[in-house]
Amino acid sequence: MEEGMKEIKCIVWDLDNTIWEGTLAEADDVKLKPGIIKVIEELDRRGILHSISSKNNYDLAMKKLNEFDIGKYFLYPEVHWNAKSLAIQKIIENLNINVDTILFIDDQEFEREEVKSVHPTISCLDSKYYQTLLTHPRLNPKFITEDSYKRRIRYLEDMKRKKEEATYEGPKEEFLAALKMKFTISEAKEQDLRRLEELTYRTNQLNSTGNIYSYEDLKEYMESDSHQLIVCELSDKYGSYGKIGLALLKKTSEYWEIMQLLMSCRVMSRGVGTVLLTYIIQQAKKSNVLLRAKFRPTDRNRIMYITYGFSNFKETKVNSDGTVVLSNDLSVINSYPSYIDVQEVINKESKHLFI
Amino acid sequence: MESIQEIEKTVRSFLEENMIFYERENSLDNDDNIFELGFVDSMFALSLVTFIENNFEIKVESEDLQISNFSSINNITNFIQNKRQSRVIE
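Residues numbered from 1 in each chain as written. Chains lettered and ligands numbered in written order. Predicted model: local features only at pLDDT ≥ 70, side-chain atom pairs only at ≥ 80, totals over all residues. Heavy atoms only, no water.

### Comments concerning the overall build of chain B
Then, number 1: Of the regular secondary structure elements, chain B holds five helices and zero strands.
Then, number 2: Its helices and strands in sequence order give chain B the pattern α-α-α-α-α, from N to C terminus.
Then, number 3: Sorting the 90 residues of chain B into buried and exposed places 44% on the buried side.
Then, number 4: Considering only contacts in chain B between residues 6 or more positions apart, those separated by 24 or more positions represent 57%.
Then, number 5: Counting every atom, chain B has about 4900 Å² of accessible surface; 43% of that belongs to carbon and sulfur. (Helix = DSSP H or I, 4+ residues; strand = E, 2+ residues; numbered from the N terminus. Buried < 20%, exposed > 50% of the residue type's maximum accessible area, 1.4 Å probe, protein only. Contact = heavy atoms within 4.5 Å. Areas by Shrake-Rupley, 256 points an atom, 1.4 Å probe, with all protein chains shown as cover.)

Structure (structure tokens):
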């Protein structure tokens, strides 16, 4: 995708004369801009997040948004008198997204210029054009899946987790155990494929090759007798993170090859990064086959190489295309961490006759 | 350059602060296998490697990323020692 043409992941809204007509500090009876709720709700449905940067009194502004019944749509609102560039910085840190996927909407040219001077790759829009948002190509994502329109809920659950983690003073193991995490490993089904396609686009760090797979590619592998497409889902006491990882295996009677392995960055701090790999190693041992993995180093995925190394994979071949082959002699089999309940829902009578 | 004892002490305090232990009451012996004792997940693995590189000014190469180099306080200490010595020879 071209620079500056990335899909927008979050809109940061000003309030006075942007979301509503008038200035809240001067008069309490501000009115919503016509049709603004429809715009916000539709973008939310598409999986685009909303946040706020407004120079106002925090409590009064949030009270007003809740009166309009739209407060729930805004994640990590920044309402204070500091520079808006600083507000943007905090929002991207809290959401863990790149600034070039943010659209900042404000009626004042001064604010847009100030933000742009600190964050040159951000996109800005004069709020008088808010009615054009729904048709803008960068606000019409390639993927609208079940996972997209739950995205805001996931972030809200994440805010609760972060708050609890920050106030928790006991050992980390107990905190993780208290989350009651459940990690489900299953065969991919057709309704998972959009989300898996999206994962291959969005995941950079725990990603073994950086290869992008289309819906059609994935469907072919899912139906192939000599491949297996495994998907995993994570949930905890706050809710589900959705489908957060995949593994694509090539299977023959002598060896299995992990063609692709990836795990969403959203769950990296939850200690689940190695669970899927451990599962595959255990199964290969049971099936008495050789196990190897394809790896392509990128500038972001060293963590995946280390994960393979610490799961006893060793580099055995360097291909001319820059990929390497890692092999596992299955002499070391790790167990799952005690604080994660791992459910293996793989149909034993599946098409994989070689097993 | 730090002595072996100093390296050992630095490595131990890093592990004790950052590892998620199954059984916390047990203190860590120099030969305890941390891969068996606690769960070494991706985040921990990355932070351990980064810590060793920054703190001891060595570069962990692909061929170094083997369990045997990182599986206990003693092994990590030896690994750091060896890396530093080979650097001096160069």
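Okay, back to it.
### Focus: the pairing of strand β8 (residues 181–187) of chain A
Residues and elements named next belong to chain A.
Then, number 1: Along β8, five of the seven residues are buried, which leaves the element largely enclosed by surrounding structure.
Then, number 2: Here β8 runs beside strand β15 (residues 340–345); their pairing, made up of six bridges, is parallel. Within the sheet, the bridge partner assigned to S186 lies in β15 and is V345.
Then, number 3: As defined by bridge partners, β8 adjoins strand β9 (residues 227–236) across six bridges and the pair is classed as antiparallel. Each residue of the ladder has a partner; that of I185, found in β9, is C232. (Pairing = 2+ DSSP bridges.)

### A few points about the sheet that holds strand β13 (residues 313–318) of chain A
All names here are of chain A.
Then, number 1: Read from one edge to the other, the open sheet built from eight strands follows the order β13-β14-β12-β11-β10-β9-β8-β15, with strand pairing classed as mixed. Both outer strands of the open sheet, β13 and β15, are each paired with one neighbouring strand and no more. The sheet shows a mean angle of 25 degrees between the axes of neighbouring strands, direction not considered.
Then, number 2: Sheet topology note: the strand β10 (residues 239–251)/strand β11 (residues 255–263) ladder contains seven bridges and is antiparallel. Along β11, the bridge assignment pairs L246 with L262.
Then, number 3: Each of β8, β9, β10, β11, β12 (290–295), β13, β14 (324–328) and β15 is contacted by helix α10 (residues 275–287), which is oriented at about 170 degrees to β11, the strand it contacts most. (Axes fitted to C-alpha atoms, helices over the stretch in contact; angles between N-to-C directions.)

### Side note on the packing of helix α1 (residues 4–18) of chain B against helix α3 (residues 42–56) of chain B
Residues and elements named next belong to chain B.
Then, number 1: As a packed pair, α1 and α3 sit with axes 11 Å apart at the nearest point and diverge in direction by 150 degrees. Classed by the angle they form, the pair α1 and α3 counts as roughly antiparallel. Both α1 and α3 take part in a crossing whose hand is right-handed. Residues I7, T10, V11, F14, L15 and N18 of α1 form the contact with α3, whose participating residues are F44, S47, L48, F51, N55 and F56.
Then, number 2: Here the contact of α1 with α3 is built from residues that sort into eight nonpolar, four polar and no charged. (Parallel < 35°, antiparallel > 145°, perpendicular 65-115°, else oblique. Left-handed = near helix turned anticlockwise from the far one by under 90°. Nonpolar A, V, L, I, M, F, W, Y, C, P; charged D, E, K, R; others polar.)

### Thoughts on the interface of chain B and chain A
Then, number 1: Counting residues at the interface gives 22 residues for chain B, matched by 29 residues for chain A.
Then, number 2: Around 2200 Å² of area is buried between chain B and chain A when both sides are counted, 66% of it from carbon and sulfur atoms.
Then, number 3: R302 of chain A is the partner of E53 of chain B in a salt bridge, and the nearest nitrogen-oxygen pair spans 2.9 Å.
Then, number 4: Our enumeration of links across chain B and chain A arrives at three residue pairs in polar contact (both at pLDDT 80 or more).
Then, number 5: Residue assignment for the side of chain B that touches chain A shows that the elements contributing at least two residues are α3 and α4 (67–70) of chain B.
Then, number 6: Sort the elements by how many residues they give to the side of chain B that touches chain A and α3 of chain B lands first, with seven residues. (Buried area = accessible area lost by both parts, 1.4 Å probe. Salt bridge = Lys/Arg side-chain N within 4 Å of Asp/Glu carboxyl O. Polar contact = N/O pair within 3.5 Å; in protein donor to acceptor, adjacent residues only side chain to side chain.)

### Here we look at the packing of aromatic side chains
Then, number 1: In the structure shown here, the tally under the stated rule is eleven aromatic pairs over all chains.
Then, number 2: Measuring from centroid to centroid gives 6.4 Å for F14 of chain B and F44 of chain B, while their planes differ by 25 degrees, and the two rings are stacked. In this pair, F14 of chain B is assigned in helix α1 and F44 of chain B in helix α3, connecting sequence segments 30 residues apart. Summarising the burial analysis for this pair, F14 of chain B and F44 of chain B share the class buried.
Then, number 3: Ring geometry for F51 of chain B versus F56 of chain B: centroids 6.2 Å apart, planes at 90 degrees, classification edge-to-face. As far as the burial class goes, F51 of chain B and F56 of chain B line up, both buried.
Then, number 4: An aromatic cluster is defined as three or more aromatic residues linked by ring pairs; in this entry it consists of F295, Y305, Y308 and F313 of chain A.
Then, number 5: If you follow K251 of chain A out to its NZ or CZ, it ends over the ring of W256 of chain A, 4.1 Å from the centre.
Then, number 6: The ring of Y255 of chain A carries the charged tip of R292 of chain A above its face, separated from the ring centre by 3.9 Å. (Phe/Tyr/Trp six-rings, centres within 6.5 Å; stacked < 30°, edge-to-face > 60°. Lys NZ or Arg CZ within 6 Å of the ring centre and 35° of its normal.)

### Quick notes on the sheet that holds strand β4 (residues 49–54) of chain A
Backbone-to-backbone hydrogen bonds pair the strands of a sheet. The strands run either parallel or antiparallel.
All names here are of chain A.
Then, number 1: Taken together, five strands build an open sheet; the order of strands is β5-β4-β1-β6-β7 and the sheet is parallel. Either end of the sheet is taken by a strand with one partner, and the two such strands are β5 (78–79) and β7 (123–126).
Then, number 2: In this structure, strand β1 (residues 10–13) lies alongside β4, joined through four bridges in parallel fashion. Bridge pairing links W13 to I52 in β4.
Then, number 3: Sitting on the sheet, helix α1 (residues 36–45) is in contact with β1 and β4, with an inclination near 150 degrees to β1.

### Things to note about helix α11 (residues 302–310) of chain A
Residue and element names in this part refer to chain A.
Then, number 1: In terms of residue burial, α11 counts as a mostly covered element, since eight of its nine residues are buried.
Then, number 2: For α11, the set of buried residues is I303, M304, Y305, I306, T307, Y308, G309 and F310.
Then, number 3: Immediately downstream of α11, the backbone of N312 shows phi near 75 degrees, a positive value.

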